[in-house]
Amino acid sequence: MTENLAKRPARERRKRAPKGMGSIQQRGDIWWIYLTHKGTRIRESSYSTVKQTAIDLLKRRHAEIHSGIYAPGASRMTLTELKGIMVADVQANGRKYLPRVEECFSNLERLIGAEVTADAIGGQLDKYVHARLAETVGPKTDTRGEPIKGKNGEPIKPRTISPGTVNRELGCLKRAFRLAIRKRRLVTMPYIELLAENNTRTRLPSENEVKAVLRELPDDLRAAMRLLSIVPWRVREALDLSWRQVNEQTGRIRQEAVEYKSGRVARVLPYAEHPALAEIIAERRRLTDDWQREHGAIVEHVFWYVGEGPNGRPAALPYSEYSGTWDRACKRAKVADFHVHDLKRYATWALVRAGVDEGKIMKLAGWRTRSMFDRYSIVSDQDLVDGIQKLAHSTRADVAATDGSRAAKA
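Note that the structure is a prediction, hence the values are computed from the model and not measured. (Residues numbered from 1 in each chain as written. Predicted model: local features only at pLDDT ≥ 70, side-chain atom pairs only at ≥ 80, totals over all residues. Heavy atoms only, no water.)

## As for the pattern of salt bridges
Phase 1 of the analysis: One pass over the full model with this rule turns up 21 salt bridges.
Phase 2 of the analysis: A salt bridge links aspartate 290 to arginine 286, with the shortest nitrogen-to-oxygen separation between them at 3.4 Å. Taken as a pair, aspartate 290 and arginine 286 lie in helix 11 (residues 275-295) at a separation of four residues, close to a single helical turn.
Phase 3 of the analysis: For aspartate 290, a relative accessible area of 30% puts it in the partly exposed group.
Phase 4 of the analysis: With a shortest N-O distance of 2.4 Å, aspartate 290 and arginine 293 are connected by a salt bridge. Note that aspartate 290 and arginine 293 are positioned in helix 11 at a spacing of three residues, about one turn of the helix.
Phase 5 of the analysis: Shared partners join several salt bridges into a network, and the residues in it are Arg110, Arg132, Glu135 and Glu169. (Salt bridge = Lys/Arg side-chain N within 4 Å of Asp/Glu carboxyl O. Helix = DSSP H or I, 4+ residues; strand = E, 2+ residues; numbered from the N terminus. Buried < 20%, exposed > 50% of the residue type's maximum accessible area, 1.4 Å probe, protein only.)

Put into structure tokens, the structure is as follows:
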């Protein structure tokens, strides 16, 4: 008996992982990781049926622990909590695009799931993109349920969601992830790839087209659009201009950073230095003062029109909608494919033609990067013609000088 035991080979001892390294376990089809951090036992799902995925996740968590950036339970943050971080940041910084952020996250929550955790969002993005692009908007109906008709008298057809709309929603999600990492609520974020967009508009209206359309606009709206043809502002930045932003003593219009898109510093427009701008502001002040004296009401906005107030009486109302009036003016002026936003491109072109420094143009428009200037600084065909004519003139002058020197030597 003793002899037989002596001949039996020694039993191989099972290797054990070093203490504190954690472990993995399969629950159903999903692999989970287990580890201890500061005396607390932590369990986390890998959201995968592949064992190696759980092993890689466990190694990544240990690397985060050793580098001091591990945040227990961060991966359990849900999409709704990411939305809360984004909304809080927008409110704290006084931005005006809160409704747009809430709309973006409502679509994300609807297609991805409000309670989906941060680690699982990356795996749902392809499904979200395909589902969102397959959706349509419309057709629109009135209060009686009948389809609303367009300008041609036919019912408005439903339109598909554009890649640009999807990119704006994915951009909100990326911003929320970055904020969560900055606040140390998350350690990593999924790779979010944006879709290709081909919506860059390069239409540069001519001076005659601008003048023709402006002539067909009502006086009140014409003043605002004339300002936009001189200063490269967005449409709403002009229509929302209030008298508290206008200092008539110094001849300056000052807009704080939160009052225009993508603003970081206050933007100043010395309107009194430009005769046309000074004329616009002076005329609007005269009309505003006359209305206030006649009706005993304070008018807040610089550009307004006479409409019907809540009490049924005439009131000075700000422009909330202008597209219909603009389209009719373009039709009467027989100018096609002319958007209001094209005035910003026209104003930029006019400033460049006048020799204004690029840095000053960027400050007037409120652009922070050169790429924004390049987007609106369009070179027209006439600019190319002028350039070639200048080159030809210079070449003729050089040839004439060369011929003169040769004749003198002869």
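Back to the write-up after that little detour.
## Observations concerning helix 4 (residues 98-112)
Phase 1 of the analysis: With 15 residues, helix 4 extends 21 Å from end C-alpha to end C-alpha; this agrees with the ideal 21 Å at 1.5 Å per step.
Phase 2 of the analysis: Here the buried face of helix 4 lies against helix 3 (79-92), helix 6 (125-133) and helix 7 (163-182).
Phase 3 of the analysis: A positive phi of about 120 degrees marks glycine 113, the residue just after helix 4. (Expected span 1.5 Å × (residues − 1). Contact = heavy atoms within 4.5 Å.)

## Overview of unusual backbone geometry
The bulk of non-glycine residues show a negative phi, and the bulk of peptide bonds are trans.
Phase 1 of the analysis: Positive phi is not limited to glycine here, since lysine 334 has a value of about 60 degrees.
Phase 2 of the analysis: Among the structural elements, lysine 334 can be located in the loop between helix 12 (323-333) and helix 13 (342-353).
Phase 3 of the analysis: We note that aspartate 337 has phi near 55 degrees; this positive angle belongs to a residue other than glycine.
Phase 4 of the analysis: Checked against the element boundaries, aspartate 337 lands in the loop between helix 12 and helix 13.
Phase 5 of the analysis: We classify aspartate 337 as partly exposed; its relative accessible area is 47%.

## Some words on the sheet that holds strand 8 (residues 267-269)
Phase 1 of the analysis: The strand order across the open sheet built from three strands is 6-7-8, with neighbouring strands paired in antiparallel fashion. The open sheet is flanked by strand 6 (246-247) and strand 8, the only strands paired with a single partner.
Phase 2 of the analysis: Relative to strand 8, strand 7 (residues 252-255) runs antiparallel, the two being bridged by three bridges. Note that in strand 8 the partner of arginine 254 across the bridge is valine 268. (Pairing = 2+ DSSP bridges.)

## A closer look at the pairing of strand 9 (residues 304-308)
Phase 1 of the analysis: Of the pairings in the sheet, the one linking strand 9 to strand 10 (residues 314-318) comprises five bridges and is antiparallel in character. Directly across from glutamate 308, in strand 10, lies its bridge partner proline 314.
Phase 2 of the analysis: Here strand 9 hands over to strand 10 after five residues, with glycine 312 in that stretch at a positive phi of 85 degrees.

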